[in-house]
Amino acid sequence: MISSKKAENVRSVIRYLQKFKNALVVIYLDDKTIESPLFSSHIRDIAFLHQAGLKVVIIPGARSRIDEVLRTNNIIWTYHENIRIASAQAMPLIKMAAFDVSNTIMTSLAANSITAVIGNWVRARSKGIIDGFDYGTAGEIDRLDSESLQTVLDDGFIPIFPCIGWNTVGHPYNISSTCLAQQVAIALKADKLFYVMENGGLNAKDFDLTGDDDIDGTFLFDGGITISENGKIAALDLNQADNFIKQKKNLDMLELAVNACRQGVTRVHFVDGNLDGVLLTEIFSDFGSGTMIYTNNYGKIRPMVQTDIPSVLAVMRPFIQSGKLLPRTQAELTTALADFIVYELDGGVHACAALHLYDDGQAEIAAVAVDEAYNHMGIGPKMIETLIDRAKSANAKSIFIMTTQAIDWFEKLGFTEDKIESLPEERRAKWSPDRNSKVYRLN
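Cut-offs used in this document
- Residues numbered from 1 in each chain as written.
- Predicted model: local features only at pLDDT ≥ 70, side-chain atom pairs only at ≥ 80, totals over all residues.
- Heavy atoms only, no water.
- Helix = DSSP H or I, 4+ residues; strand = E, 2+ residues; numbered from the N terminus.
- Buried < 20%, exposed > 50% of the residue type's maximum accessible area, 1.4 Å probe, protein only.
- Contact = heavy atoms within 4.5 Å.
- Areas by Shrake-Rupley, 256 points an atom, 1.4 Å probe, with all protein chains shown as cover.
- Polar contact = N/O pair within 3.5 Å; in protein donor to acceptor, adjacent residues only side chain to side chain.
- Salt bridge = Lys/Arg side-chain N within 4 Å of Asp/Glu carboxyl O.
- Phe/Tyr/Trp six-rings, centres within 6.5 Å; stacked < 30°, edge-to-face > 60°.
- Lys NZ or Arg CZ within 6 Å of the ring centre and 35° of its normal.
- Axes fitted to C-alpha atoms, helices over the stretch in contact; angles between N-to-C directions.
- Parallel < 35°, antiparallel > 145°, perpendicular 65-115°, else oblique.
- Nonpolar A, V, L, I, M, F, W, Y, C, P; charged D, E, K, R; others polar.
- Left-handed = near helix turned anticlockwise from the far one by under 90°.

A.B. asks: Can you walk me through the overall build of the protein in this structure?
C.D. replies: Within the protein, the secondary structure is distributed over 15 helices and 26 strands. Considering the protein as a whole, with its 443 residues, one finds that 50% of them fall into the buried category. Across the protein, the fraction of contacts at a sequence separation of at least 24, relative to all contacts at a separation of at least 6, is 70%. For the protein, the computed accessible surface area is about 21,000 Å², with 49% contributed by carbon and sulfur atoms.

Below, the structure is given as structure tokens:
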């Protein structure tokens, strides 16, 4: 028999397949990922994405391969502000190495029955001399041939971009792969831009994040920033990302992501190339293992609607089985529809709670349930806060809850124990000594 959890995971995958069918995804693979033992696994997953109906563009990083080729040929180069500075004689070797890496990607995709095309869709210009410093063979993106690129995508191929651009007279320049990925995503109005990098994602420990432990034992920081189980900052909206950039210098990649989102890319993901299946889990599940920068409402609390009821019952089920919640039927939820709120993430419902108002002016927060897999996101306190605001708007004179196993949880949120006799008459009549629920009231 298939467990409810497995069934819900399958539903989640199907929901995302529907959501991202025909979506356009730009994927940057850094050189460490390309050289890693997991490279073939990542390529297989990219093939799965393509076969699932997503349009994919790949930009490979080639720094290590270029370094190797130049070193073998005794060509000297340096870096200035993370940009390769090399002589004109190095350019043919740089171009060869860049295309060599792209060919590695294309060959690996072919082994997975996917046809890819390496193209020269990038018009570039010399970076030139800035503040007296000559950048030599380094170039900047002038424009992209988006029309030709779109034709390639429509024909069912995966375009691969080497980190080379050409000017109007055919002179090649070495350009930044990370910037190229951003510009391609912007030009194509990509739904997602992935930076698959060694140890990709923002580590919470690298930033000054202030806040208290939430009731689930993880952390919910000011501004709603949540930390994933592997210590990564899970998601940031543009305002939050701006604050991170102000706090710490040398966040060039984060700035690239923010600028991409502001120019039309829906979401940018930084994921760790050392993790198997990271692309699939990031796309086909509600939260992955890296850091996401987003423009739209990633997760939101909203009123429950009739079509949410099956999902809400599924969220409640383990809490009912453990005795933490009273059983509820679909008919009961339909009757109390206006009392309920849910937490929706990418179209899936993963938490619920209700506010019941009584004639004597008291308000009860009830049916609080959060999918265990989402505890680390601090959803529970957000739901309670929303219902407290709703009760205050309704001029409730007092707010209480009934609980058997979440006493510590509610105490941390400011509730203290009260007497059963304090309940509204209607609610007191439903109290059972067999269940022996305790009353906790908000101070």
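That shown, we press on.
A.B. asks: Please clarify how the environment of histidine 50 should be interpreted in this entry.
C.D. replies: Mapped onto the secondary structure, histidine 50 falls in helix α3 (residues 39-51). When the C-alpha atoms of histidine 50 and valine 25 are compared, they prove to be 9.6 Å apart, with 25 residues separating the residues in sequence. Among all residues touching histidine 50, those that are not within four sequence positions of it are Val56, Ile114, Gly156, Phe157 and Ile158. A polar contact of 3.1 Å, which involves the side chain of histidine 50, links it to the backbone oxygen of glycine 156.

A.B. asks: Whenever I open this one, the pattern of salt bridges confuses me. Can you help?
C.D. replies: Pairs may arise between side chains of opposite charge once their charged atoms sit close together. Within the structure shown, the criterion is met by 13 salt bridges. Of the charged contacts, one joins arginine 44 and aspartate 45 as a salt bridge, the two residues approaching to 4.0 Å between their closest N and O atoms. Residue arginine 44 is classed as partly exposed on the basis of its relative accessible area, which comes to 37%. The buried category is assigned to aspartate 45, whose relative accessible area is 3%. Each of Arg125, Lys127, Glu140 and Asp142 takes part in salt bridges that share partners, so that together they form one network.

A.B. asks: Looking at this structure, how should I read the packing of aromatic side chains?
C.D. replies: For any pair of aromatic rings, geometry is given as the distance between the ring centres together with the angle between the planes. Within this structure, the stated rule accounts for eight aromatic pairs. One aromatic cluster is present, built from ring pairs that chain together Tyr28, Tyr195 and Phe270. The cationic tip of lysine 127 hangs over the ring face of tyrosine 135; the distance from NZ or CZ to the ring centre is 5.3 Å.

A.B. asks: Any chance you could explain the packing of helix α7 (residues 177-187) against helix α9 (residues 252-262) here in plain terms?
C.D. replies: Each pair of packed helices can be summarised by the angle the axes make with each other and by the distance between the axes. Running from amino to carboxyl end, α7 crosses α9 at an angle of 10°, the nearest separation of the two axes being 10 Å. Here α7 is positioned roughly parallel relative to α9, judged by the angle of their axes. Seen from α7, the contacting residues are Thr178, Cys179, Gln182 and Ile186; seen from α9, they are Met253, Leu256, Asn259 and Ala260. Class assignment of the residues belonging to the contact of α7 with α9 gives a composition of five nonpolar, three polar and no charged.

A.B. asks: I'm lost on the packing of helix α8 (residues 238-247) against α9 in this one. Help?
C.D. replies: As a packed pair, α8 and α9 sit with axes 10 Å apart at the nearest point and diverge in direction by 150°. Looking at the two axes, α8 sits roughly antiparallel to α9. The two elements α8 and α9 cross, and the hand of that crossing is left-handed. Residues Leu238, Ala241, Asp242, Phe244 and Ile245 of α8 form the contact with α9, whose own contacting residues are Leu254, Glu255, Val258, Cys261 and Arg262.

A.B. asks: Can you walk me through unusual backbone geometry in this structure?
C.D. replies: If a residue is not glycine, its phi is most likely negative; likewise, a peptide bond is most likely trans. One non-glycine residue, alanine 367, adopts positive backbone phi at about 55°. Examined against the element boundaries, alanine 367 turns out to sit in strand β23 (residues 362-370). One non-glycine residue, asparagine 395, adopts positive backbone phi at about 60°. Tracing the chain through its elements places asparagine 395 in the loop between α13 (379-393) and β24 (398-403). Of the residues examined, asparagine 395 reaches a relative accessible area of 67% and is grouped as exposed.

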